[in-house]
Amino acid sequence: MVDLPVQAGSLEAEARKDAARRNRLLSSPAILIIALFGIVPLLIILVYSFLEAGPYGGVVWHFSTDAYVNFLFQQDIFSGALTFAPAFLLIYLRSVLFALATTVVCLILGFPTAYFMATRPQHQRNWWVLLITIPFWSNLLVRTLAVMFIIRDEGLINDILMRLHLISRPITMLYTNFAIELGLLYAFLPFMVLPLYASLEKLDFRLVEAAYDLYATRWRVLWRVVIPASLPGIVAGCLLVFIPALGAYVTPLILGGGKHMMIGNLIAQQFGSGRNWPLGSSQALILMAAVLIALFAYVRNTTGKPTNG
Amino acid sequence: MARTRPPVDTKQQPGFATMAAICLVLLYGPILVLMVFSLNSGKIVMHWEGVSLHWYAVAFQDADFHSAAKNTMIIAVTATVVSTAAATLAAIGMTRVRPWKGLTAAFMVINLPLMVPEIVTAVATLSFFALIAGAFGINLGIGNLIIAHTVFCIPFAYMPIRARLEDMDLTLDHAAADLYAPPWKTFRRITLPLLVPGIMSGAALAFIVSFDDFTITQLVAGPGQTTLPLFIWNQIRRPMTPEVNAISTILLSVSILLVAVSFLITRRRR
Amino acid sequence: MDSAIVSREMTEALGVTAEVGGKSVISIRDVSKIFGAGETAVTALDHVAIDIGQNEFFTLLGPSGCGKTTLLRLIAGFDYPTSGELRLFGEDIARLPPYKRPINTVFQNYALFPHMTVGQNVGFGLEMLGRPKAEVAARVDEMLRLVRMESLKNRRTSEISGGQQQRVALARALAPQPKVLLLDEPLSALDYKLRKEMQIELKRLQHETGITFIFVTHDQEEALTMSDRIAVMSGGRVLQIGTAHEIYDKPTERFVANFIGETNFLEGEVAGEVNGALEVRLTSGATLSAGKPEGLTPEGRVTIVIRPEHAQVVADGTASSFAGKISNVVYFGTDTHYYVTLDSGDEFMVRQQNSRRALEFAIGTRVGIRVDEEAARVLRD
């Protein structure tokens, strides 16, 4: 709806003012709840990140930039000299790598699946969507637990392999990088398939026929027609996988067993056993900044001109 | 299928059906294994001994399970009711209306819980309630969890309600007003009844995300405020029995049922 | 404190005065509607003035974007005039919300409530007015009988055909006995045969109920066959108001003449005035007597308009208004169209009834054209 200005004081101006007041009032409960209990807490950790850590958790109200300095450096207790300490940075890099790998594997598995779904007859498509939607909304903790049961030393895979005498000792899979990667893939695959499907469903398959008509091969049709046309879905799907994978908490917690941490676990640790709330707050803000930058870049690109691949 | 197809099916790509099948196996395999082993009569989780409902019986007699289920229901139901009501009003005030000052900002606020990583929301909410408790001595107990859940339930409830409103024909409201229905009666007799599928679908989603939440609950929950996901978390840190499978199966069933219902509600109208 | 009841009493009181005084039901005085402001402003209605009487079938006719639907929305109360007055039985209603106006609308897409049955739809208005249940039920039955839909009372609105939905929409709008019924292109979604049927049906309903109908359409044929009076609109302005005959036979503006039916335009100069009619000397040198719009005394160059069926092609040499050569002949069964290139170079079309006595002329024949008396009209421009 285009908002055209109106003559002040006219009947229409009055009516619009009434409507705006009413709509603002209707929206206010939801806005207030989120502002008070969603945004204010974020401001609090912003403040916390510039304070000193309390001895038993919490904060001491002294201004300090330690939380940010400690992200990259370690301060010598006696001399106060700063030395480069990449421990946190490495966890961030690991998390980015995990998230990227998850995104790529999800795309490789998800694209053919979404394409296959989009080429089914209408009534079958609905069932496929439901099948992909159910894991999307299912309890992530329980789903991760299910993966754990399968890849444990005494889990289903090792159990079967041992019974078949293919191996004599269980292969260690749990609490490894492989376990985390598998868990992330498993957790976020639906996040890739659904937007890809939404975009492929709208594809005009007459274009595909036209391409075949012009002597294109299957691969060329895929590369030159289908993929460019579904690019918005690919970008959206990648973002929807990358962002939550970067901030993953449950998956590395259960499948990494505390040994292989990601950013999410690092943050939680500072608020738990680490007892460094300012450090945890600064880490949380850095993660959020990364996510918001990705989202912002996405919004900027999608609202601009459509680019052709 | 033995249907005759043209010699070259232009739509199909080789191997794509296999990939789709792999995805389904990947997504459902672990869940199905977990569910099947909940029926295991033996004591060891992954060592099959026979079919029985023994571990369901154990779970239903477990006092900790009872209290966790009770907490979960109290939190999920309250958060669902409050968030769905707030989301419904907001959707009406923000959809199909002439843009008002602050509408774009309001839209961003509503969607904010979806954009902030869950772990960040969790530690921020923890800090918030710690500060409130420290500064004012206020601790709402389980109310803290209800509030935290309500916040992230709102955007989930909001989405289907907004979608439904966008599909709705504005002239119906005009027709009601034309037939002497003042705004409140138009809302009650026309808008609300037509909105019901969207509201139900939104409430179902809000309930699922509250019912399933682990990350935020784990960090915000105080002692004794165990919900079902927390109960499972506590179980897997001890030597496990198939009771975990039984309870997990119950949780999964609730989600699957609600998603299916919500899905069917939205499909039927089309 | 039911506002709807108040308005009902108000209108009943007003209804009496209007009948006694014989005043107009709806009086639109100098109404303008401007969307937007400043440079982006769009004038949808430009100083519109119309008076519509009791029991009239009044049509707003014009192409899309001419302002007719905007005007209807103002009368219904879905939008507000930027300036001017909108009176119902003399009372200013510009400020009244739609639910306080004793005016009902038949919407273009019918806008039937999908979650209610046919009967519930028809009874909705009366229910909102707080009428007793028994009265509502009786009235619903009566209305459904009126539109011949009794048997479908308990059907869902999604289970009936387009034509049936149309009848339900009519019954629903008529049930509360409004003072004015607004119809926004209600027949445009129907196929040709059904549209013809509904045109007759609408006339019958208007006659039986005695309610003032304001009908919006872009279909000139529909307007001509159904209306007591027509207002032809273009660019937010009312160009001419009159009966179908007046609009067709005596158009005052080029747009009106062009929009309704087919027309010949000829240029000329005013040579004098005889008994209230103008003597116009055409470019070809011939002189024609032409009627003029009321209250107007044009001078100098004027345009005159002659309908194709108000002239005859006659053999060359017979007494005629002007002469030319036939450039094309199109046979239509009941009549034949002759396209004549006049000596002045203008094209002139004549529609001639085919009868046994009618002469036939071949292309290239030189002919005369005789214009009926009082057929030529001078335009306002």
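What counts and how
Residues numbered from 1 in each chain as written. Chains lettered and ligands numbered in written order. Predicted model: local features only at pLDDT ≥ 70, side-chain atom pairs only at ≥ 80, totals over all residues. Helix = DSSP H or I, 4+ residues; strand = E, 2+ residues; numbered from the N terminus. Rg over C-alpha atoms; globule rule 2.2 N^0.38 Å. Buried ≥ 20, exposed ≤ 12 C-beta atoms within 10 Å, placed from the backbone. Contact = placed C-beta atoms within 7 Å. pLDDT = per-residue confidence, 0-100. Nonpolar A, V, L, I, M, F, W, Y, C, P; charged D, E, K, R; others polar. Core = buried A, V, L, I, M, F, W, Y, C linked by C-beta atoms within 7 Å. Domains from an automatic or database assignment. Pairing = 2+ DSSP bridges.

*Asks:* Go over the overall build of chain B with me, naming the residues and quoting the values.
*Replies:* Secondary structure summary: chain B contains 11 helices and zero strands in total. In chain B, the succession of α and β elements from N to C terminus is α-α-α-α-α-α-α-α-α-α-α. Radius of gyration (C-alpha) of chain B: 23 Å, far over the 18 Å computed for a compact globule of 270 residues. Viewed in the frame of its principal axes, chain B has a C-alpha envelope of about 75 × 70 × 30 Å. The buried share among the 270 residues of chain B stands at 46%. Across chain B, every contact between residues at least 6 apart in sequence was considered, and the portion connecting residues at least 24 apart equals 77%.

*Asks:* Before we move on, could you go through the confidence of the model for chain B and cite the residues and values that matter?
*Replies:* Residues and elements named next belong to chain B. Chain-level statistics for chain B give a pLDDT mean of 89 and a share of 94% at 70 or above. Contacts from residues 1-7, a stretch scored under 50 in pLDDT, to residues over four places away or in other chains number zero contacts. Both confidence scores are given for the complex: pTM 0.84, ipTM 0.90.

*Asks:* I'd like a rundown of the interface of chain C and chain B, residues and numbers included.
*Replies:* Facing the 19 residues of chain C at the interface are 15 residues of chain B. The element best represented in the side of chain C that touches chain B is helix 3 (residues 118-128) of chain C, accounting for three residues. Of the residues contributing to the side of chain C that touches chain B, the split by class is 13 nonpolar, six polar and no charged.

*Asks:* Break down the interface of chain B and chain A for me, citing the residues and quoting the values.
*Replies:* Every contact between the two is made by 74 residues of chain B and, on the other side, 77 residues of chain A. In terms of residue count, the dominant contributor to the side of chain B that touches chain A is helix 1 (residues 16-37) of chain B (13 residues). Here the side of chain B that touches chain A is built from residues that sort into 58 nonpolar, 11 polar and five charged.

*Asks:* I'd like to hear about the nonpolar core, residue by residue, with values.
*Replies:* By size, the foremost hydrophobic cluster in this structure holds 147 residues, and its most contacted members are A:F188, B:V123, B:I154 and B:A157. At 16 residues, helix 7 (residues 177-201) of chain A tops the list of elements feeding residues into this core. Of the residues that make up this core, three or more belong to each of domain 1 (11-84) and domain 2 (87-303) of chain A. In this structure, A:F188 is in contact with A:T102, A:C106, A:V241, A:P244 and A:A245, ignoring residues within four places of it in sequence. Ranked by size, the runner-up nonpolar core spans 106 residues in total, among them C:L61, C:Y110, C:A111 and C:A223.

*Asks:* How would you explain the domain arrangement of chain A if you had to name every residue and give the values?
*Replies:* Residue and element names in this part refer to chain A. Taken as a whole, chain A is organised into domain 1 (11-84) and domain 2 (87-303). Between the C-alpha centres of domain 1 and domain 2 the distance comes to 29 Å. Each partner contributes residues to the interface: domain 1 has 17 residues there, and domain 2 has 11 residues. At the level of secondary structure, the elements contributing two or more residues to the side of domain 1 that touches domain 2 comprise helix 1 (11-48), strand 1 (51-53) and helix 2 (66-72).

*Asks:* Lay out the pairing of strand 1 (residues 26-35) of chain C in plain terms, naming residues and giving numbers.
*Replies:* Residue and element names in this part refer to chain C. With seven bridges connecting them, strand 1 and strand 2 (residues 42-52) associate as antiparallel partners. Each residue of the ladder has a partner; that of V31, found in strand 2, is V48. Counted between consecutive antiparallel strands, the loop separating strand 1 from strand 2 contains six residues, among which G36 sits at a positive phi close to 80°. Of the strand pairs in this sheet, strand 1 and strand 4 (residues 83-88) are connected by five bridges, and their pairing is antiparallel. Bridge assignment links S32 to a residue of strand 4, and that residue is S83.

*Asks:* Can you break down the environment of A:A284 residue by residue, with the values?
*Replies:* Mapping A:A284 onto the fold places it in helix 13 (residues 277-303). With 32 C-beta atoms packed within 10 Å, A:A284 lands in the buried category. Along the chain, A:A284 and A:V299 lie 15 residues apart, while their C-alpha atoms are 22 Å from each other. Excluding its chain neighbours within four sequence positions, the residues that come into contact with A:A284 are A:I45, A:I267, B:V120, B:V123 and B:A124.

*Asks:* Would you mind going over the pairing of strand 10 (residues 237-242) of chain C in detail, with residue names and values included?
*Replies:* All names here are of chain C. Bridge count between strand 9 (residues 229-234) and strand 10: five bridges; the pairing is antiparallel. Across the sheet, residue M233 finds its bridge partner in strand 10, namely V238. If you look at the hairpin formed by strand 9 and strand 10, you'll find two residues sitting between the two strands, and G235 has a positive phi there, around 55°.

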